[in-house]
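Listed below are the residues making up each chain.
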Amino acid sequence: MPPKWCACENTRRGEEEGPVRRVLMVAIAVAALTGGCGGQDVPPSPRPSQTGATPAAGGVVSLTFDDGLERQEQMARELTERGMAGTFYVLSTRVQAPGYLDQTQLARLAQAGHEIGGHTRTHARLPTLHHDEQRREICGDRSALEAMGFTPRSFAFPFHAVNAAAEAVAEECGYNSARGRAGVAAETTPPGDPYDLNTPLAVGANATLPEIQQYVLAAEKRKGWAILVFHDYCDGCGPLGVKPTLFTAFLDWLKGQKIPVRTVGDVIGGETRPVPPVKAPSIVLNASLENYFGKEGIPDCWQLDGRSATATFGRVADARTGRWAGRIKVTGGDPARLRLAIRQDDGECAPTAGGLSVWYTATAPVRLTLSRRTRDGVWSDWSDGPVFPATSTWRRATWTPRLAGAAGISFGLVLTEPGQATFDDFAVR
Ligand SMILES: [Zn+2]
């Protein structure tokens, strides 16, 4: 019978126990009582730490890469050339963005045996968010990656920012592990807490070869798990850019060591679990159009329909609140064709129904438009709402449409005549 990894057998890190850690230890103790770790006959629910991972007898190394930066493609190639596989934690909203790996590049990585894991939708600092928002960030990201054809099993907390609530959400969202705090201690095998995998500090521009080797040698000596964290790959592109010559020298050295290199998902093991649906937000996300991702410069959680040579969208610093507002400019054709509206999705962005409002200035009249998602997940055609007059000072357009039976809504505004409209601070209530 293969040895099983059991969270409850592990009692390390007593010195770090704060209130949060104690809550976690209680949770682990409860898991021990209910999960069969104490030798009970009750079959345990398959916690990933117990589902088939093989403890590495002499230690193990995982090479992990954060944020899906484009230059990591070369790092992946270096790994592949040496028969190694890495774990790439990517942000679903930045796939296709300038400087980031696109879907084709990520598919090539997966094809070559590298693991594609999740890292939230927007690189969110999770402990600062409410539960629903954490689920949108973690579960929503995971389902977006699945929609791109990947099967993410492993997650990494942005900024190494972890708390018990966020760990619980990573587990709820179907991940088998979550890479957590850095610079605390190297991880043990089995890990004390698969949803807070510990790592040394990220390997950055100032790293030296002996320093990185030391992480590996320490893991080998303690039969532990060295989870190394890399970001960028360059000479002098920033504090988190590892020098290519150093990276190559490290990999050449590592290849000559006995310690195996495995992806995080393979070390942890376990089945790929389903992603639960996320609860649609009751607010407009990115309502002030502050966050922009993607090659087209479209705000996160929004979609743009009908851009053309005569109808353009862009962000402008002419904001009512925050730094940015959105602006539509139409010089010809059908002005109503260009629409910026809440992204039509299953609830990661599309809110539940309510009264709608947006602040705007415009050189021509504007119209609110609306689409509804049915319970079956189908979006309706756009329907026209009320028209509001041109205005040179910020004015609020509001509309309370009938929304019976809508599981989600998307709304936006269009120009009714050529001209330009600037908008900011969307809301539902
Ligand atoms: Zn990151």
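Given the structure is predicted, the values throughout are model-derived calculations rather than measurements.

Cut-off values and rules
Residues numbered from 1 in each chain as written. Predicted model: local features only at pLDDT ≥ 70, side-chain atom pairs only at ≥ 80, totals over all residues. Helix = DSSP H or I, 4+ residues; strand = E, 2+ residues; numbered from the N terminus. Buried ≥ 20, exposed ≤ 12 C-beta atoms within 10 Å, placed from the backbone. Contact = placed C-beta atoms within 7 Å. Pairing = 2+ DSSP bridges. Axes fitted to C-alpha atoms, helices over the stretch in contact; angles between N-to-C directions. Core = buried A, V, L, I, M, F, W, Y, C linked by C-beta atoms within 7 Å. pLDDT = per-residue confidence, 0-100. Arc of directions from axis to C-beta. Parallel < 35°, antiparallel > 145°, perpendicular 65-115°, else oblique. Left-handed = near helix turned anticlockwise from the far one by under 90°. Nonpolar A, V, L, I, M, F, W, Y, C, P; charged D, E, K, R; others polar.

**A look at the overall build of the chain**
So, step 1. Looking only at helices and strands, one finds 8 helices and 21 strands in the chain.
So, step 2. Across the 429 residues of the chain, 43% fall into the buried class.
So, step 3. Within the chain, counting contacts between residues at least 6 apart in sequence, those at least 24 apart form 71% of the total.

**Focus on the sheet that holds strand E12 (residues 302-305)**
So, step 1. Strand order in the open sheet made by the 5 strands is E12-E15-E20-E17-E18, with antiparallel pairing throughout. The sheet is open, and its two edges are formed by E12 and strand E18 (383-388), each paired on a single side. In this sheet, adjacent strand axes meet at a mean angle of 25° when their direction is disregarded.
So, step 2. Here strand E15 (residues 339-342) pairs with strand E20 (residues 408-415) via 2 bridges, running antiparallel. Bridging from a neighbouring strand, Ala341 pairs with Gly412 of E20.

**Description of the environment of His114**
So, step 1. With respect to the helices and strands, the residue His114 is situated in the loop between helix H3 (103-111) and strand E3 (115-118).
So, step 2. On a C-alpha basis, the gap between His114 and Phe88 in space is 7.3 Å, while along the polypeptide they are 26 residues apart.
So, step 3. In this view, His114 contacts Ala76, Ala85, Gly86, Phe88 and Leu109; residues no more than four positions away in its chain are not counted.

**Quick look at the sheet that holds strand E14 (residues 325-330)**
So, step 1. An order of E13-E14-E21-E16-E19 is seen for the 5 strands of this open sheet, with the pairing classed as antiparallel. Only two strands of the sheet have a single partner each, and these edge strands are strand E13 (311-316) and strand E19 (391-399). Averaged over all neighbouring strand pairs, the angle between strand axes comes to 25°, with direction disregarded.
So, step 2. Where E13 lies against E14, 6 bridges are found, and the strand directions are antiparallel. Residue pairing for E14: Arg315 is matched across the bridge by Gly326.

**Quick word on the pairing of E20**
So, step 1. Taken across its 8 residues, E20 has 8 buried, putting it largely inside the fold.
So, step 2. Of the two faces of E20, both are covered, the one formed by Gly408, Ser410, Gly412 and Val414 as well as the one formed by Ile409, Phe411, Leu413 and Leu415.
So, step 3. The sheet contact formed by strand E17 (residues 366-373) and E20 spans 8 bridges and is antiparallel. In the sheet register, Arg372 faces E20, and the bridge partner there is Ile409.

**So, unusual backbone geometry**
So, step 1. Backbone torsion omega between Thr189 and Pro190 reads -5°, so that peptide bond is classified as cis.
So, step 2. The phi angle at Lys223 is positive, at roughly 55°, despite the residue not being glycine.
So, step 3. By secondary structure assignment, the location of Lys223 is in the loop between helix H6 (209-222) and strand E7 (225-230).
So, step 4. For Asn286, which is not a glycine, the phi torsion comes out positive at approximately 50°.
So, step 5. Locating Asn286 in the fold gives a position in the loop between helix H8 (264-268) and strand E10 (292-293).

**Observations regarding the nonpolar core**
So, step 1. Counting residues in each nonpolar core, the largest one holds 60 residues, and the members touching the most others are Val61, Val90, Ala170, Ala178, Ala226, Leu228 and Phe230.
So, step 2. Among residues more than four places away in sequence, those in contact with Val61 are Val216, Ala219, Ala226, Leu228, Leu254, Ile259 and Val261.
So, step 3. Val330, Cys349, Ala350 and Leu356 belong to the second largest nonpolar core, which has 37 residues in total.

**A word on the environment of Ala309**
So, step 1. Tracing the chain through its elements places Ala309 in the loop between E12 and E13.
So, step 2. C-alpha separation for the pair Ala309 and Gly333, spaced 24 residues apart in sequence, amounts to 9.5 Å.

**As for the environment of Asp266**
So, step 1. As for its position among the elements, Asp266 is in helix H8.
So, step 2. Asp266 sits in the partly exposed class, given 19 other C-beta atoms within 10 Å.
So, step 3. In this structure the C-alpha to C-alpha distance between Asp266 and Ser154, which are 112 residues apart in sequence, comes to 9.6 Å.

**Some details on the confidence of the model for the chain**
So, step 1. Residues of the chain with pLDDT of at least 70 account for 86%, and the chain-wide mean is 85.
So, step 2. Under a pLDDT of 50 for its full length, residues 1-53 has, in the predicted model, 69 contacts with residues more than four places off or in other chains.

**Re the pairing of E14**
Every other side chain in a regular strand lies on the same face of the sheet, so the side chains alternate between the two faces.
So, step 1. Across the 6 residues that make up E14, a large majority, 5, are buried.
So, step 2. Summarising the sheet, E14 and strand E21 (residues 419-428) pair through 5 bridges and their orientation is antiparallel. Of the residues in E21, the one forming a bridge with Val330 is Gly419.

**A few points about helix H2 (residues 72-81)**
So, step 1. Listed in full, the buried residues belonging to H2 are Gln72, Met75, Ala76 and Leu79. For H2, the buried positions fall inside an angular range of 100° around the axis, keeping them on one side.
So, step 2. Residues of H2 that are buried sit in contact with strand E1 (60-66), strand E2 (87-90), H3, E7, strand E8 (232-233) and helix H7 (244-255).
So, step 3. Backbone geometry just after H2 places Gly83 at a positive phi near 70°.

**Notes on the packing of helix H4 (residues 131-147) against helix H5 (residues 164-172)**
So, step 1. Put simply, H4 and H5 touch, their axes get as near as 10 Å, and they point 45° apart. Compared by their axis directions, H4 and H5 come out oblique. In this structure, H4 crosses over H5, and the sense of that crossing is right-handed. Where H4 abuts H5, its residues His131, Gln134, Arg135 and Ile138 lie against Ala165, Ala166, Val169 and Ala170.
So, step 2. Each residue belonging to the contact of H4 with H5 can be placed in one class, and the counts come to 5 nonpolar, 2 polar and 1 charged.

**Section: the packing of H6 against H7**
The geometry of a pair of packed helices is captured by two quantities: the angle between their axes and the separation between those axes.
So, step 1. Between H6 and H7, the shortest axis-to-axis distance is 10 Å and the interhelical angle comes to 35°. Taken as a pair, H6 and H7 cross one another with a handedness that is right-handed. Residues Leu209, Ile212, Gln213 and Val216 of H6 form the contact with H7, whose own contacting residues are Leu246, Ala249, Phe250, Trp253 and Leu254.

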